[in-house]
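A structural walkthrough
Chain residues, written in single-letter form:
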Amino acid sequence: MTLLKIARMGHPVLVRRADDIPDPTAREIRNLVENMVETMIDAQGVGLAAPQVHVSKRVIIFSSPEGRSDADSPKTDFSPLTALINPVIEILSEEQDLGWEGCLSIPGLSGAVPRYRHIRYKGFAPDGKAIDREATGFHARVVQHECDHLDGILYTMRMPDLSMLAFTDELRRHNLSGDGESDGDDDGDDGDDDGDDSEFE
Ligand code: NI
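Now for a description of the structure that goes with this document.

Rules and cut-offs
- Residues numbered from 1 in each chain as written.
- Predicted model: local features only at pLDDT ≥ 70, side-chain atom pairs only at ≥ 80, totals over all residues.
- Heavy atoms only, no water.
- Helix = DSSP H or I, 4+ residues; strand = E, 2+ residues; numbered from the N terminus.
- Buried < 20%, exposed > 50% of the residue type's maximum accessible area, 1.4 Å probe, protein only.
- Contact = heavy atoms within 4.5 Å.
- Areas by Shrake-Rupley, 256 points an atom, 1.4 Å probe, with all protein chains shown as cover.
- Pairing = 2+ DSSP bridges.
- Axes fitted to C-alpha atoms, helices over the stretch in contact; angles between N-to-C directions.
- Salt bridge = Lys/Arg side-chain N within 4 Å of Asp/Glu carboxyl O.
- Phe/Tyr/Trp six-rings, centres within 6.5 Å; stacked < 30°, edge-to-face > 60°.

Some points on the overall build of the protein
Looking only at helices and strands, the protein has three helices and eight strands in total. Buried residues in the protein amount to 47% of all 201 residues. Contacts in the protein between residues at least 24 apart in sequence constitute 69% of all its contacts with a sequence separation of at least 6. Just so you have it, the protein exposes about 10100 Å², and 50% of that area is on carbon and sulfur atoms.

Rendered as structure tokens:
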């Protein structure tokens, strides 16, 4: 497996529509997914789209781990690590939530982005099996963020209020991050930059 270089905002691959994958079971796709997983884990992200590693194809990986939300959150809030090829999203409710997002292609920044609260998504796994799931909460958010990458859309392009775009370390310093887990600290800055769960993909 190989760590892949991550494209940053400004690279043309991030603003074009990625190509459909004719054969989800192709060996090159399996290799790509393996390298994307390694790259995402190394970068401490929770999602990654192929264009972010300079491959303009319709494949994303993501997870929505339990423990990010309350114990009584619905099961649809969570997902194991999943690779999804040629994904399609269906919106199940017009309701949207505003939540903080980060992006490995926009390092150091976070922004508040509206996303649909309840979606269904379909696509294929690298073994050719069909995937068809409902998603809510953070799970729905991360899938929408990653699928946007396949259409050349970055989270900043979804933001209605650019006053909510900020350096992540400043948000933490002032305790403004909407992410539950990053609240509750005192406002002292420990200068540490690890493990921000909102820093997905
Ligand atoms: Ni991203």
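Quick notes on the sheet that holds strand 8 (residues 165-167)
Read across the sheet, three strands follow the order 4-5-8 without closing on themselves; strand pairing throughout is antiparallel. Edge positions in the sheet fall to strand 4 (96-101) and strand 8, since each has one partner strand and no second. Taken pair by pair, the neighbouring strands of this sheet meet at an average axis angle of 30 degrees, ignoring direction. Two elements, strand 4 and strand 5 (residues 109-116), share six bridges in a ladder whose sense is antiparallel. Bridging across to strand 5, Q96 finds its partner in Y116.

Focus on unusual backbone geometry
Although it is not a glycine, Q44 adopts a positive phi angle of roughly 60 degrees. The residue Q44 is located in the loop between helix 1 (27-42) and strand 1 (47-49) in this model. Overall, the relative accessible area of 49% leaves Q44 in the partly exposed class. Located in the positive-phi region is H54, a residue other than glycine, with phi close to 65 degrees. Position of H54 among the secondary structure elements: in the loop between strand 1 and strand 2 (59-64).

Details of the pattern of salt bridges
By the definition in use, this model includes 14 salt bridges. Here D19 makes a salt bridge to R16, at a shortest N to O gap of 3.1 Å. A relative accessible area of 39% places D19 in the partly exposed class. Between R117 and D97 there is a salt bridge, with the nearest N and O atoms lying 2.7 Å from each other. With R117 in the loop between strand 5 and strand 6 (118-124) and D97 in strand 4, this residue pair connects regions lying 20 residues apart in the sequence. The exposure class of R117 is partly exposed, given its relative accessible area of 34%. Residues joined by salt bridges that share partners form a network here, namely E101, R115, R141, D148 and R158.

Quick word on the packing of aromatic side chains
In this description, a pair of aromatic rings is defined by centroid distance and the angle of the planes. Taken as a whole, this structure holds one aromatic pair when the rule is applied. When the centroid spacing of 5.7 Å and the interplanar angle of 85 degrees are considered together, the rings of F62 and Y121 count as edge-to-face. Of this pair, F62 sits in strand 2 while Y121 sits in strand 6; the two residues are 59 residues apart in sequence, bridging distant segments of the chain. As far as the burial class goes, F62 and Y121 line up, both buried.

Quick word on the sheet that holds strand 7 (residues 130-136)
Read from one edge of the open sheet, five strands run 1-2-3-6-7, paired in antiparallel fashion. Every interior strand has two partners, whereas the edge strands, strand 1 and strand 7, have only one. Strand after strand, the sheet turns through a mean of 40 degrees between neighbouring axes, direction not considered. With five bridges joining them, strand 2 and strand 3 (residues 79-91) adopt antiparallel strand pairing. Counterpart to I60 in the pairing with strand 3 is L84. Relative to strand 2, helix 1 is tilted by about 40 degrees, and along the sheet it contacts strand 1, strand 2 and strand 3. Across the face of the sheet, helix 2 (residues 137-150) comes into contact with strand 1, strand 2, strand 3, strand 6 and strand 7 while running at roughly 160 degrees to strand 2.

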